[in-house]
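One-letter residues, chain by chain:
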Amino acid sequence: MAQTTPNHTQNVSGWAAHDSSGKMTPYVFKRRENGVNDVTIKVLYCGMCHTDLHHVRNDWGITMYPCVPGHEITGIITKVGKDVTRFKEGDKVGVGCLAASCLECEFCKNSEENYCDQIQFTYNGIFWDGSITYGGYSKMLVADQRYVVRVPEGLPMDAAAPLLCAGITVYSPMKDSNLLESSENPKKIGIIGLGGLGHVAVKFGKAFGHHVTIISTSPSKETEARQRLGADDFIVSTDPKQMKEKRRSLDYILDTVSAYHSLGPYLELLKVQGTLHIVGAPDKPMGLPSFPLIFGKRTVKGSMTGGMIETQEMMDMCGKHNITCDIEMVTPDKINEALQRLANNDVRYRFVIDIAGEEVGSNLS
Ligand SMILES: [Zn+2]
Ligand SMILES: [Zn+2]
């Protein structure tokens, strides 16, 4: 589709999956010319999100091949359209999950573009000109300025990349529950899962002055959680004694786990009127027993990434508190290996591809 779209004349080198084997190979494709509202970005780094894995393997049955994934992108602006006011050449910027939205609905007007019914994503979406969108596993990106954010000075571009999805995904629910900068009213927060999302959530929780508890199935993560990430407490969720001791102890729980689990035991950890907020996305329905909801007047809710104003706010907050992701850098020739390790949860805590570091062969440029 994209190959025949008018104005898609720019050759870009990237890496794509071509079928549900998910195997990534170098791939040259076309991007649109830089429009009046667009910026062109030389991609420096791209984080590897679990969503990328689901897409390249067509786990959700919605993948349009060839698929160039990647929605945790940082880079440098190399060109700006004539109506671009917010950016100039040389600016350090980031692009997350969103490529387009209707701009007219109540959500777009309120900069909650992520909830627009016509939202199109950075990859595996269909842009308004009919082209399929390709993500950040590529050397260059053309993006509408609305969906681009500034990376604060002082934040490293590599470790900042995963903030564009993992960071905003945990920041938005914390903001929604008034957990930002509330050192005068510290809360007891629980984070389920210490992975790509969870480890950033701990950093936010501590930066905002709260008491943070990690809830994990892996006792082996306790030392790391407490000593390096600064968590205040650690609960092994498979230990019934610990779970019982911590009953009704937390104000708020952020659930970042994407493997199936029942919510019942976790709800019991909440105080009366506590909230459990889901951002992990198991592909099967989760167990949700009614008793812990009813007897504790508790709430279960969810959210997906965040809007663009909020994403900029999150980046600025990370600049202020010096929050980045803990990353493991990979070169593009190791993408397949990294995807396999991601599938095995064998990463601390996010792979980031050094897109600009290794030039692909001249036949691909
Ligand atoms: Zn993501
Ligand atoms: Zn809209």
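Residues numbered from 1 in each chain as written. Chains lettered and ligands numbered in written order. Predicted model: local features only at pLDDT ≥ 70, side-chain atom pairs only at ≥ 80, totals over all residues.

**Things to note about the overall build of the chain**
Part 1: Helix and strand counts for the chain come out as eleven helices and 17 strands.
Part 2: Considering only C-alpha atoms, the chain reaches an extent of 60 × 40 × 35 Å along its principal axes. (Helix = DSSP H or I, 4+ residues; strand = E, 2+ residues; numbered from the N terminus.)

**A closer look at the sheet that holds strand E12 (residues 233–236)**
Part 1: On the basis of which strands lie adjacent, the open sheet formed by six strands has the order E12-E11-E10-E13-E14-E15 and parallel pairing. Each edge of the open sheet is held by one strand with a lone partner, namely E12 and strand E15 (299–302). Direction aside, the axes of adjacent strands within the sheet are offset by 20 degrees on average.
Part 2: Relative to strand E11 (residues 211–216), strand E10 (residues 188–192) runs parallel, the two being bridged by five bridges. Note on E11: the bridge partner recorded for Ile191 is Ile214. (Pairing = 2+ DSSP bridges. Axes fitted to C-alpha atoms, helices over the stretch in contact; angles between N-to-C directions.)

**Describing the domain arrangement of the chain**
Part 1: Per the domain assignment, the segments making up the chain are domain 1 (2–165 + 325–364) and domain 2 (168–302).
Part 2: The gap between the C-alpha centroids of domain 1 and domain 2 is 30 Å.
Part 3: Contacts between domain 1 and domain 2 engage eleven residues on the former and seven residues on the latter.
Part 4: Class assignment for the residues of the side of domain 1 that touches domain 2 results in six nonpolar, three polar and two charged. (Domains from an automatic or database assignment. Contact = placed C-beta atoms within 7 Å. Nonpolar A, V, L, I, M, F, W, Y, C, P; charged D, E, K, R; others polar.)

**Some words on the nonpolar core**
Part 1: Counting residues in each nonpolar core, the largest one holds 96 residues, and the members touching the most others are Ile41, Cys46, Leu163, Val170, Ile191, Ile253 and Ile353.
Part 2: Two domains each put at least three residues into this core: domain 1 (2–165 + 325–364) and domain 2 (168–302).
Part 3: With sequence-adjacent residues up to four places away left out, Ile353 is seen in contact with Tyr45, Cys46, Met48, Tyr137, Val330, Pro332 and Ile335. (Core = buried A, V, L, I, M, F, W, Y, C linked by C-beta atoms within 7 Å. Buried ≥ 20, exposed ≤ 12 C-beta atoms within 10 Å, placed from the backbone.)

**Considering the UniProt feature "domain: Alcohol dehydrogenase-like C-terminal" (unreviewed entry) in the chain**
Part 1: Sites flagged by UniProt as "domain: Alcohol dehydrogenase-like C-terminal" (unreviewed entry) map to residues 196–317.
Part 2: Between the C-alpha atoms that bound residues 196–317 there is a distance of 18 Å. The span itself is 36% helix and 24% strand. (UniProt positions renumbered as here; feature names shortened; annotations may be inferred.)

**Describing the environment of Pro152**
Part 1: Considering the arrangement of structural elements, one finds Pro152 in the loop between strand E9 (148–150) and helix H3 (157–160).
Part 2: For Pro152, a count of 16 C-beta atoms within 10 Å puts it in the partly exposed group.
Part 3: Apart from residues no more than four positions distant in its own chain, Pro152 is found in contact with Met315, Asp316, Cys318 and Gly319.

**Considerations on the pairing of strand E13 (residues 250–255)**
Part 1: In terms of burial, E13 is largely enclosed, as five of its six residues are buried.
Part 2: For E10 and E13, the ladder comprises four bridges, and the chain directions are parallel. Paired with Ile191 across the bridge in E13 is Leu254.
Part 3: Both E13 and strand E14 (residues 270–278) contribute to a ladder of five bridges, which runs parallel.

**Describing the pairing of E11**
Part 1: Counting buried positions over the six residues of E11 gives five, a clear majority of the element.
Part 2: The pairing of E11 with E12 spans four bridges and is parallel. Bridge assignment links Thr213 to a residue of E12, and that residue is Asp233.
Part 3: Once you follow E11 into helix H6 (residues 222–228) and on to E12, the crossover reads as right-handed. (Right-handed = clockwise from strand over helix to strand, strands pointing away.)

**Notes on the packing of helix H4 (residues 166–176) against helix H10 (residues 308–321)**
Part 1: Contact geometry of H4 with H10 gives a least axis separation of 10 Å together with a crossing angle of 100 degrees. When the interaxial angle is binned, H4 and H10 end up roughly perpendicular. Residues Gly167, Ile168, Tyr171, Ser172 and Lys175 of H4 form the contact with H10, whose own contacting residues are Glu310, Thr311, Met314 and Cys318. (Parallel < 35°, antiparallel > 145°, perpendicular 65-115°, else oblique.)

**Quick look at the confidence of the model for the chain**
Part 1: Mean pLDDT over the chain: 94, with 96% of residues reaching 70 or higher.
Part 2: The model gives residues 360–365 a pLDDT under 50, and that stretch makes seven contacts with residues more than four places away or in other chains. (pLDDT = per-residue confidence, 0-100.)

**Examining the UniProt feature "domain: Alcohol dehydrogenase-like N-terminal" (unreviewed entry) in the chain**
Part 1: Taking the UniProt record as the reference, the feature "domain: Alcohol dehydrogenase-like N-terminal" (unreviewed entry) is found at residues 37–153.
Part 2: Between the C-alpha atoms that bound residues 37–153 there is a distance of 24 Å. The span itself is 9% helix and 31% strand.

**Focus: H10**
Part 1: Compared with an ideal rise of 1.5 Å per residue, which puts 14 residues at 20 Å, H10 spans 20 Å between its outermost C-alpha atoms and is within 8% of the ideal.
Part 2: Those residues of H10 that sit buried are Met308, Glu310, Thr311, Met314, Met315, Met317 and Cys318.
Part 3: Where H10 is buried, its residues touch strand E5 (92–95), E9 and H4.
Part 4: A positive phi of about 55 degrees marks Asn322, the residue just after H10. (Expected span 1.5 Å × (residues − 1).)

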